[in-house]
Structure formats: C-alpha cells, structure tokens
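Chain and residue survey
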Amino acid sequence: MSVCVLGGINLDHVASVAELPRWGETVASHELAQFPGGKGANQAVAAAKLGAQVRLLGAVGQDGAGDFMLGVLEEAGVQTAGVLRARDHPTGQAFITLDRAARNMIVVAAGANALFGPELAGAADLGGAGVILTQFEATLDAIEAVFARDEARGAVKILNTAPALAEGAHLLRLADILILNESELARFAGLEAEPADADRAAAAARRLAAPHQTVIATLGAAGAVAVRGDEVFRAAGLKQPAVDTTGAGDCFCGALAAALDEGVDLAGAMRFANAAAALSVTRRGAAASMPTRAEVEALLTA
C-alpha cells in the first residue's frame, strides 16, 4: 500500500527572538534561517522517513524555492510527480518567529499552493493509496474532490484541521479520522476555552465525532487522546528537550498515516506517532526535524 498526501509546500523563513513581539512591537532577531516546510510537505517527509511509500499532491512555483523544495522531497523519498510547477505564481512561503521557549508565531503566503484545485485533485494519480492524508493548507475544494473519488473509497481518509478554518467545517464529516490540536478542538467543538486535560479533550472529541469517525486530539507535551465510538485511546506524553515545536503536529500526522498504512492498530499507531512528534521538537525546522524510523523505535524501546 502507500500514503497519498495532499497539502501545502512552503519555504519557511525562521527568525529567532528572545521573546515573541506584542501587538505593534518590533523586536530584534538574533538568527535568521530557511527550512523546507508546508504542512503537506512536512507530513509527506515524516511518513517517508518512517518507511512509507509516499506520493505528494500540491504545487510550487517555477523558482528557486520550488527547485529547493522538490529536491528536499525527493531526497526524503517522496514521489513528486503529482506536484504542479506553476509559471505565474511563486512557491508558498511561511514566516515564522520563534522564541527561546520554542513558542512560535506563523504567517503563511500560499502562493502556488492556491492553484491546486478540484480539477487537479480529481484527476491526480493517488497511487492506490491505503491512506489519504490532508490538511487545511490544501484548498478546500481539492480536499472535497479527493475524498469523493472512487479510488478513495477503500482508503483511510485523514483530515488534519490545521490551520483551523471555520469555512472548512463542512469537510470534517468526510474524513474517517480527524486530527486536531487543543485550539482546533475548541473551535470545532464549540468550546469556550481549550480543554484543560486529556479527559476533557476526550469529551470534546466525542461531541465532535460523527458515528463513523475516530477523533484524535493532540495535546503537545501531554501526548494525545482519541475517541472511537465508546472507546478511548491514550498516548502518554514523552518528555523531550524542546528546541522548536514547528512541525510537531505534522510529524504526528505523517507518522500516524505511515503506521496505519502498515496495518498497525489505532493504539499502536498513536504511540508511534506520539514518539515521532516528541523527537521532532528536539531539532530545528519543520520538514528538517522529522525523525527516522530507527530513532522512533529507539525512543519507544527506551
């Protein structure tokens, strides 16, 4: 089988600061770096580095950033035949401010990503994927088109609700598995505040879940919790020294997809994904921080 990822491909610009700026404030950066990123690219690289056969659907510009991103993806083992090269739009860019506590603020300019619409999604080669993974950096019409295809009928369809777009709420029911962080869960479940603990996250996830769905809430350092019908699954937090949390959620998604594609059950896939995400925060960058399978297995064994 294989994993097909639909989503954003960006070049990330990371400015490191002592403290995140407040409204209207200018702060000085002590370091500026560039990394491969975009939620689609991050998730595809994560799954590929963990051993899955991965096909990515998306778009980049015919520019240096696009050349760079395709090179990174191909080096990681991601199949890029489904990535459009756009002539009139630049490769997507993300501008990230990162503080010394590993907290971040992110602004994304979609660029060529916005061109991958329902026509391309409806005609793209899914490669016989057993798992289809996407997020809200893909265009909403493209997500709907991919999930509606006959070829997707037998696949596990995973939707990561990041970034939390209210206009994407109608797509949640189309997925077999939803993956949300605490803030996304609060928004889509109609909570006044983020759930304070795993039990409250599980209760909110159950409120959100359709009868056929599994809903997974990622809880940062506290791990993850999932509900499926009357069942609850938990993955305990694995404490690691955080350097940069950018891409940790994408790592979880890609790792979960890779494990499910191998036939691992939900509880095992969550433990695997949680360990991968924990490792990803120990290094800088998004796609660049994704761990190898040997690293994840070593952490789980330890």
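Residues numbered from 1 in each chain as written. Predicted model: local features only at pLDDT ≥ 70, side-chain atom pairs only at ≥ 80, totals over all residues. Heavy atoms only, no water.

**Some points on the packing of helix H8 (residues 266–280) against helix H9 (residues 293–301)**
- Orientation of H8 relative to H9, taken along the N-to-C sense of each, is 105°, at an axis distance of 9 Å. Taken together, the axis directions place H8 and H9 in an arrangement best described as roughly perpendicular. Along its contact with H8, which presents Arg 271, Phe 272, Ala 275, Ala 276, Ala 278 and Leu 279, the element H9 presents Arg 293, Glu 295, Val 296, Leu 299 and Leu 300.
- Looking at the contact of H8 with H9 residue by residue, the class counts come to eight nonpolar, no polar and three charged. (Axes fitted to C-alpha atoms, helices over the stretch in contact; angles between N-to-C directions. Helix = DSSP H or I, 4+ residues; strand = E, 2+ residues; numbered from the N terminus. Parallel < 35°, antiparallel > 145°, perpendicular 65-115°, else oblique. Contact = heavy atoms within 4.5 Å. Nonpolar A, V, L, I, M, F, W, Y, C, P; charged D, E, K, R; others polar.)

**A few points about the environment of Met 105**
- Following the sequence through the fold, Met 105 ends up in strand E8 (residues 104–109).
- Residue classification places Met 105 among the partly exposed residues on the basis of a relative accessible area of 38%.
- In the structure, Met 105 is positioned 84 residues away from Pro 21 in sequence and 9.3 Å away in space, judged by C-alpha atoms. (Buried < 20%, exposed > 50% of the residue type's maximum accessible area, 1.4 Å probe, protein only.)

**Some remarks on the packing of helix H7 (residues 248–261) against H8**
- One way to put it is that H7 packs onto H8 with a least axis distance of 8 Å and a crossing angle of 145°. H8 is crossed by H7, and the crossing has right-handed handedness. Of H8, the residues touching H7 (which contributes Ala 248, Cys 251, Phe 252, Ala 255, Leu 256, Ala 259 and Leu 260) are Leu 266, Ala 269, Met 270, Phe 272, Ala 273, Asn 274, Ala 276, Ala 277 and Ser 280.
- Per-class residue counts for the contact of H7 with H8 are 14 nonpolar, two polar and no charged. (Left-handed = near helix turned anticlockwise from the far one by under 90°.)

**Digging into the pattern of salt bridges**
- Applying the stated criterion to the full structure yields 17 salt bridges.
- For Lys 157, the salt bridge is made with Asp 176, and the minimal N-O distance between the two is 3.7 Å. Highlighted residues: Lys 157 in strand E10 (residues 156–160) and Asp 176 in the loop between E10 and strand E11 (177–181), separated in sequence by 19 residues.
- Residue Lys 157 is classed as buried on the basis of its relative accessible area, which comes to 10%. (Salt bridge = Lys/Arg side-chain N within 4 Å of Asp/Glu carboxyl O.)

**Comments concerning the pairing of strand E14 (residues 231–236)**
- In this structure, strand E13 (residues 223–228) lies alongside E14, joined through six bridges in antiparallel fashion. Across the sheet, Val 225 pairs through a bridge with Arg 234, a residue of E14.
- Counting the residues between successive antiparallel strands, the hairpin from E13 to E14 contains two residues, one of them, Gly 229, with a positive phi of roughly 60°. (Pairing = 2+ DSSP bridges.)

**Overview of the side chain of Gln 135**
- Of note, Gln 135 is situated in strand E9 (residues 131–135).
- A polar contact of 2.9 Å, which involves the side chain of Gln 135, links it to the backbone oxygen of Leu 6.
- Other than its neighbours up to four places away in sequence, Gln 135 contacts Val 5, Leu 6, Gly 7, Gly 8, Lys 39, Gly 40, Gln 43, Ile 143, Leu 159, Asn 160 and Ala 162. (Polar contact = N/O pair within 3.5 Å; in protein donor to acceptor, adjacent residues only side chain to side chain.)

**Considerations on the layout of surface pockets**
- There is about 1000 Å³ of room inside the largest pocket.
- Considering the residues around the largest pocket, the lining is formed by 46 residues, among which Asn 181, Thr 245, Gly 247, Ala 248 and Gly 249 are closest to the centre.
- Counting residues per element, the lining of the largest pocket draws most heavily on H7, which supplies five residues.
- Here the lining of the largest pocket is built from residues that sort into 21 nonpolar, 17 polar and eight charged.
- If you go around the second largest pocket, the residues you meet are Gly 8, Asn 10, Val 108, Ala 110, Asn 113, Ala 114, Phe 136, Glu 137, Ala 138, Thr 139, Pro 163 and Leu 165.
- In the lining of the second largest pocket, the residues fall into seven nonpolar, four polar and one charged. (1 Å grid on protein atoms, 1.4 Å probe; cavity = no way out; pocket = protein on both sides within 12 Å on 5 of 7 lines; lining within 4 Å. Points joined across faces, edges and corners; volume = space filled by probe spheres on them.)

**A few points about the nonpolar core**
- Counting residues in hydrophobic clusters, the biggest one holds 52 residues, and the most contacted among them are Val 54, Ile 158, Ile 216, Leu 256 and Met 270.
- In terms of residue count, the dominant contributor to this core is H8 (ten residues).
- Ile 158 has contacts with Val 131, Ile 132, Leu 133, Thr 134, Phe 147, Ile 177, Ile 179, Leu 256, Ala 257 and Leu 260, leaving out every residue within four places of it along the chain.
- Formed by 39 residues, the second largest nonpolar core is a distinct cluster that contains Ile 132, Phe 147, Leu 180 and Ala 204. (Core = buried A, V, L, I, M, F, W, Y, C linked by side-chain atoms within 4.5 Å.)

**Observations concerning the side chain of Thr 91**
- Here Thr 91 shows up in the loop between strand E6 (83–86) and strand E7 (92–98).
- A polar side-chain atom of Thr 91 sits 2.9 Å from the main-chain amide nitrogen of Gly 61.
- Every residue in contact with Thr 91, bar those within four places of it in the chain, is listed here: Ile 9, Val 60, Gly 61, Asp 63, Ala 65 and Gly 66.

**Section: the pairing of strand E1 (residues 3–6)**
- In E1, alternate side chains face the same way, and those of Val 3 and Val 5 on one face and Cys 4 and Leu 6 on the other are all buried.
- Where E1 lies against strand E4 (residues 54–61), four bridges are found, and the strand directions are parallel. The partner of Val 5 across the bridge, within E4, is Leu 56.
- Pairing of E1 with E9, which is carried by four bridges, proceeds in the parallel orientation. Bridge pairing links Val 3 to Val 131 in E9.

The values are spatial; any link to function lies outside them.
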